[in-house]
Amino acid sequence: MTAIIEPRVLKGFRDFLPSSEITRIKLIEKIEASFRSFGFVPIDTPALEYAEILLGKGGGETEKQIYRFTDNGGRDVALRFDLTVPFARFTALHQNEIAFPFKRYHIGKVWRGENTQRGRYREFTQCDFDIIGSDSTAADFEILLLIRNTLLGLGADVRIHLNHRGLFNLFLKRLNLTEKSQEILQTVDKKNKVVQEETFNSLASLAGEDNAKKILHFTGGNSGEETFEQCLQRITELTGGASPESERLSMLRRYMTDSGCADIFVLDPSITRGLDYYTGVVFETFLTKLPDIGSICSGGRYDNLAGLYSKSKISGVGSSIGLDRMIAALENLGALPSSAVYAKAAICCNRQEHFGLYQTLALKFREADIPCEVFLEETDKQVKQFVLAEKKGIAALIIPGENPLTDPITIRDIGKRQNTEGLSFTQACKVIGEIR
């Protein structure tokens with residue numbers, strides 16, 4: 001007898017049962033609808049790329065996390081670890097086929113071989129959206145507005161914290177710390193994840209105690225004591241006065257006010273984003289009722305998306321929603337969409353030989369915008385089909401007559417365990433529509 005292979009899943013990977021997958025799909029549908037409403041279009045890229053494409057000229061921490069192997073053709077390949085690097089390759093390869101400014105979104109799985117923990121997996125889904133080919137403040141604002149509209153549409157009460165990396169760089173230049181700017185940025189980026197004393201000590205070792213105090217004062221964040229305008233005035237003065245960077249933040253504020261959504265945005269100098277390719281406005285999004293979960297959507301402006309793969313300099317601005325973290329947050333807040341099955345109704349199989357007629361009847365219900373499935377097997381007791389409908393989360397069971405296409409129809413409300421008999425097709429549609 002052949003030995004049975006133990007069914008198991010790799011650590012950091014997951015199966016999704018129908019209830020979980022339906023919830024995920026419903027969230028993705030809402031996210032996609034929001035993206036499309038702003039004129040963003042979908043793209044897709046291969047899960048597998050040449051390793052040199054994903055690792056670029058270096059590798060660093062990414063190389064430790066990437067799933068990399070030699071395929072049967074002897075090629076050095078790897079699974080994508082995010083959606084941004086493949087987009088950079090995509091842009092360089094297809095730039096002559098794209099109309100700029102290009103508004104793109106991409107929702108897909110990525111893989112990282114990092115340590116697993118609660119809410120963090122090795123296979124997860126990202127929802128990226130970018131505008132490339134435009135360096136305008138309008139593009140920055142549209143991304144911010146899209147974050148707002150998308151997350152509010154998911155039922156999340158959020159605050160979007162933003163800053164300008166250029167202003168922080170100007171501040172460090174005044175302190176003669178330009179050469180250490182990347183290390184300081186990364187230290188400040190972790191500021192809210194560690195105690196302040198640890199941040200101070202790290203900054204002091206990089207820049208000296210006096211400068212560490214000045215940096216913490218500059219990046220103290222906006223806890224509500226300052227308005228956007230007051231905070232902007234303070235950091236503008238600390239960076240030596242008005243600059244293109246401060247003027248961009250000022251224009252963004254005007255756009256926010258004019259569009260009637262200023263209250264959701266917070267100017268927060270502690271937002272730096274540790275990744276070195278960000279060069280302009282940067283932002284992170286927090287749930288007001290669940291701030292400890294961290295940022296659920298972050299991003300910023302970058303100067304040269306496809307620089308590794310093309311001589312063309314293409315600037316852009318974009319962001320990414322972590323779907324799995326978003327689901328965990330909404331579940332915690334009791335705001336997840338229903339996981340009810342897509343078929344609201346099912347047709348009871350009374351006689352196997354009538355299956356073709358049942359499918360014809362089901363088609364009529366589908367044409368009337370009632371998702372409908374047909375149970376496949378006749379049972380000696382109809383109650384078994386009632387139980388099956390209940391297990392599947394179906395709201396209404398359609399019980400046809402002897403002639404399924406002409407005889408009166410009975411509708412059973414599964415939740416209430418009640419039948420409504422003697423219905424025409426039109427009446428049956430109305431009854432099903434009223435069942436919740």
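Note that the structure is predicted; figures quoted are calculated from it, not measured. (Residues numbered from 1 in each chain as written. Predicted model: local features only at pLDDT ≥ 70, side-chain atom pairs only at ≥ 80, totals over all residues. Heavy atoms only, no water.)

Novice: Hey, could you run me through the sheet that holds strand β11 (residues 316-322) in this one?
Specialist: Within a sheet, adjacent strands bond to each other through the backbone by hydrogen bonds, running parallel or antiparallel. Overall, mixed pairing links the 8 strands, which are arranged β1-β5-β6-β11-β10-β9-β7-β8 in an open sheet. Two strands close off the open sheet at either side, each with one partner strand: β1 (41-42) and β8 (265-267). Together, β7 (158-164), β8, β9 (278-287) and β10 (297-302) form the strand contacts of helix α11 (residues 244-258), whose direction differs from that of β7 by roughly 155°. Along the sheet, helix α12 (residues 323-332) contacts β6 (123-132), β9 and β11; its crossing angle with β11, the most-contacted strand, is approximately 50°. (Pairing = 2+ DSSP bridges. Helix = DSSP H or I, 4+ residues; strand = E, 2+ residues; numbered from the N terminus. Contact = heavy atoms within 4.5 Å. Axes fitted to C-alpha atoms, helices over the stretch in contact; angles between N-to-C directions.)

Novice: How do you make sense of the nonpolar core when you look at a structure like this?
Specialist: Within soluble globular proteins, side chains that are nonpolar generally end up buried alongside one another. The biggest cluster of nonpolar side chains holds 66 residues, and the ones touching the most others in it are F129, L162 and I215. Among the elements that line this core, the one with the most residues is helix α5 (residues 137-153), at 8 residues. (Core = buried A, V, L, I, M, F, W, Y, C linked by side-chain atoms within 4.5 Å. Buried < 20%, exposed > 50% of the residue type's maximum accessible area, 1.4 Å probe, protein only.)

Novice: Would you mind going over the packing of helix α6 (residues 165-174) against α11 with me for this structure?
Specialist: Helix-helix packing: each pair is described by the crossing angle between the helix axes and the interaxial distance. Packing of α6 against α11 leaves a shortest axis separation of 8 Å and a crossing angle of 145°. Of the two possible hands of crossing, α6 and α11 adopt the one that is left-handed. Residues G166, L167 and L170 of α6 touch α11, and the partners they reach there are E245, S246 and L249. Looking at the contact of α6 with α11 residue by residue, the classes come out as 3 nonpolar, 2 polar and 1 charged. (Left-handed = near helix turned anticlockwise from the far one by under 90°. Nonpolar A, V, L, I, M, F, W, Y, C, P; charged D, E, K, R; others polar.)

Novice: Would you explain the sheet that holds strand β14 (residues 396-399) in this entry?
Specialist: Judged by pairing direction, the sheet is mixed, and its 5 strands sit side by side in the order β13-β12-β14-β15-β16 without closing on themselves. Taken across any chain shown, the strands that pair with only one partner, and hence form the sheet edges, are β13 (372-374) and β16 (418-423). Between one strand axis and the next, the sheet turns by 25° as a mean value, whatever way the strands run. On top of the sheet, helix α13 (residues 355-367) reaches β12 (345-347), β13, β14 and β15 (409-413); it is set at about 175° to β13, its chief contact. Against the sheet, helix α14 (residues 383-392) contacts β13, β14 and β15, and its axis sits at roughly 150° relative to β14.

Novice: What am I meant to see in the pattern of salt bridges here?
Specialist: Two side chains that carry opposite charge are able to pair once their charged atoms sit near each other. Tallied over the full model, the rule gives 24 salt bridges. A salt bridge links R351 to E353; the shortest N-O distance between them is 2.5 Å. (Salt bridge = Lys/Arg side-chain N within 4 Å of Asp/Glu carboxyl O.)

Novice: Would you mind showing me how to read α6 here?
Specialist: Residues three or four positions apart in an α-helix share a direction because the helix packs 3.6 residues into each turn. All of the buried residues along α6 are R165, G166, L167, F168, F171 and L172. Downstream of α6 by a residue or two, N176 has a phi angle that is positive, lying close to 60°.

Novice: Hey, could you run me through the side chain of T137 in this one?
Specialist: Relative to the elements of secondary structure, T137 occurs in helix α5. By relative accessible area, T137 is classed as buried at 14%. If sequence neighbours within four positions are ignored, T137 has contacts with R248, M251, L252 and Y255.

Novice: How do you make sense of α13 when you look at a structure like this?
Specialist: Taking 1.5 Å per residue as the helical rise, α13 with its 13 residues ought to reach 18 Å, and the 18 Å between its terminal C-alpha atoms agrees with that figure. For α13, the complete set of buried residues consists of Y358, L361, A362 and F365. Relative to the axis of α13, the buried residues are bounded by an arc of 105° and lie together on one face. Buried positions along α13 lie against β12, β13, β14, β15 and α15 (425-434). (Expected span 1.5 Å × (residues − 1). Arc of directions from axis to C-beta.)

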